[in-house]
Amino acid sequence: MPAYRAPVKDTAFVLQSVVGLERYANLPGFAEATPDVVAAILEAGGKFCEDVLFPLNLSGDIEGGTRHADGSVPTPAGVKSAYDQFCEGGWGTLMADTAWGGQGLPYVVGTAFQEYLQSANMAFAMYPGLSEGAQAAIEVVGSEEQKAKWLPPMVAGRWTGTMNLTEPHCGTDLGLIRTRAAKNADGSYAITGTKIFISAGEHDLADNIVHLVLAKTEGAPDTVKGISLFIVPKLMVDDEGRFGARNAVSCGSIEHKMGIHANATCVMNYDGATGYMLGEEFKGLKAMFIMMNAARLGVGLQGLAQGEIAYQNAVAYAKDRRQGRSLTGVKDAEAKADTILVHPDVRRMLLDGRAFNEGARALILWGALQVDLAKKAATAEERELADDLSSLLTPVIKGYCTDKGLEVAVTSQQVFGGHGYVREWGMEQFVRDARIAQIYEGTNGIQALDLVGRKLAMNGGRGLRAWLAMVREALAGSDDAALGFLKAPLEKALGDLEASTMWLMSNGMGNPDNAAAGATAYMHMMGIVALGHMWLVMAKASREALDAGASDAGFYEAKLITARYYAERFLPDTASLRARLEAGSATMMAMPADAF
Ligand SMILES: Cc1cc2nc3c(=O)[nH]c(=O)nc-3n(C[C@H](O)[C@H](O)[C@H](O)COP(=O)(O)OP(=O)(O)OC[C@H]3O[C@@H](n4cnc5c(N)ncnc54)[C@H](O)[C@@H]3O)c2cc1C
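About the cut-offs
- Residues numbered from 1 in each chain as written.
- Predicted model: local features only at pLDDT ≥ 70, side-chain atom pairs only at ≥ 80, totals over all residues.
- Heavy atoms only, no water.
- Helix = DSSP H or I, 4+ residues; strand = E, 2+ residues; numbered from the N terminus.
- Contact = heavy atoms within 4.5 Å.
- Pairing = 2+ DSSP bridges.
- Salt bridge = Lys/Arg side-chain N within 4 Å of Asp/Glu carboxyl O.
- Buried < 20%, exposed > 50% of the residue type's maximum accessible area, 1.4 Å probe, protein only.

J.: Teacher, can you tell me more about the side chain of N121 here?
T.: As for its position among the elements, N121 is in the loop between α5 (107-120) and α6 (122-141). Not counting residues within four places of it along the chain, the set of residues in contact with N121 comprises L53, L56 and N57.

Right under this line is the structure:
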């Protein structure tokens, strides 16, 4: 049976050494996030995930979802009770605004807890996760009446939210959507159309479901410029918050899919359902992107979360499983074989996972801090910088961390040999669950295009310049003698990234196929450098802790070994990625369509 332990000590280390939480104590929400409060959240939150949610992960995967003839979709055994405990414990309100019943804590603190949630039970985590995205959109573009009506019950978890973009014939190209919104006499709209792949579209966890739906109004341009966003509740709600009739929205079927079985993926039919416009007409996609941006960071977190739980189980297995002897001599003469942990190739697999997970945790929490600072930093300049950094790194966090997260899940599964392929060890579930994160919230190919096509040049390249300067500053501020093992390869990797940026500017503008052909390589390169930056910060903090005589020296020594592993085994990859990028698009575009 698989196991899970929330990596509380590691999270606390990142919050202190990378995020520097206490530096922001003067900002709204941060003042309440005292070290004691944060420690209590991590400890108690971790325990809740370990004890309540993790035990349902495998059973929920096996039971999956079913749609009954009346359109209802019950969640697997135990999930409703766990959800009630989740709400009662206030775990869904950590980051929500106090105006709507939330605790108003920093996004970075909530994100730290959410890693545990996503590791322990990703399918469960998606119910509150999507709801938080919907709340974000209502909060930013909703009218005061809409916020007052919909947000308090959603924040409390009594109602949940969904996002409805995808239709059978379009997922990436949303300009093609066919769902229509016809204006009613009372100012509401009648929504008609079919949405597919709607996560948490129907379930039995909450009293109501608030669907956010993209549709085109009558006479709207039949392009992305004609899309508006609508609130469409499952149950109608009057101005006093009382439930009325069932709205004309229903779950037509659920998908039978590769992973996240305990989260229903629904076909949603809108048959003239009553909806209310959210934000301005034709600005629906913009509003939806508000929730997509936060969601993309959350999806990057899913990559890390599945990588982490897979790694933890692989370590436990490698310490227990005995096969063969160490190449450098018997390590355990009492036993007929050594544990597989003695084999360099097994260590390679484990350290690949560890170096990614710890680096990704730092990058994602640093990214979450930028989301906080973009809203709450004291000066306009600081807010602008944080917004630039967050915009630039969001596609990298989503794309790179989910590509690598799956890779870590697969590599960790490999540590189990054939036992990783069978259900009882849980490893194949982590692989199956991790896979979706590369696909939804914009496929990773689209993240790469967003990075190369939009984010690099955004505001005249201001965000990229600021981030590169930040990495260079960290390099300049690190001691050669103590950290040279990491500095030199990071400088080289940064050089590859900068040269690739120049190459894109020279070769991608005239021929956009060149930029698109190298986009994924570029995104991975930036991910590798971004994690390298995080490793430099963590290595420096670890060195300082050791020099100061830290009592838990083993923790910091292991950090430095992992940092060295990252330097030796991850950073050199930028050279081959650069070569791929610079190969351009000519060869791949040369293949005639009918030769495929
Ligand atoms: C389990 C699950 C849950 C989901 N949850 C939700 C949800 O809650 N709400 C929701 O609205 N949707 C949801 N989705 C849908 C998901 O977001 C889409 O599947 C995804 O956006 C891709 O769209 P598509 O499947 O239509 O693929 P397509 O858009 O058809 O893309 C097919 C392939 O072509 C590539 N491609 C497409 N256009 C381009 C381009 N211009 N340049 C380069 N490459 C391109 C893509 O990267 C992809 O590899 C979910 C899907 C799944 C499977």
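Still more to cover.
J.: What is the right way to look at the pairing of strand β9 (residues 265-277) in this model?
T.: The side chains of a regular strand alternate between both faces of the sheet. Bridging between strand β3 (residues 189-199) and β9 involves nine bridges; their strand directions are antiparallel. Paired with Y189 across the two strands is G275, which belongs to β9. As judged from the two bridges shared by strand β5 (residues 227-233) and β9, these two strands associate in the antiparallel manner. For I231, the partnering residue across the bridge sits in β9 and is Y276. Bridging between strand β8 (residues 249-254) and β9 involves five bridges; their strand directions are antiparallel.

J.: Explain unusual backbone geometry here, please?
T.: Generally, phi is negative for residues other than glycine and the peptide bonds are trans, each holding for most cases. Located in the positive-phi region is A200, a residue other than glycine, with phi close to 60 degrees. With respect to the helices and strands, A200 occurs in the loop between β3 and β4 (208-217). Here the phi dihedral of E441 falls at roughly 60 degrees; this positive angle occurs in a residue that is not glycine. Within the fold, E441 resides in the loop between α11 (427-435) and α12 (444-455).

J.: Can you walk me through the pattern of salt bridges in this structure?
T.: Close approach of charged atoms allows side chains of opposite charge to pair. Per the counting criterion, the structure on display carries 37 salt bridges. The shortest N-O distance in the salt bridge between D450 and K455 comes to 3.0 Å. Here D547 makes a salt bridge to R543, at a shortest N to O gap of 3.1 Å. Linking D547 with R543, this pair stays in helix α15 (residues 512-547), spanning four residues, or about one helical turn. For D547, a relative accessible area of 59% corresponds to the exposed category. Since its relative accessible area comes to 29%, R543 is described here as partly exposed. Beyond isolated ion pairs, a larger network of salt bridges with shared partners links D10, E115, E308, R354, E358, R361 and K559.

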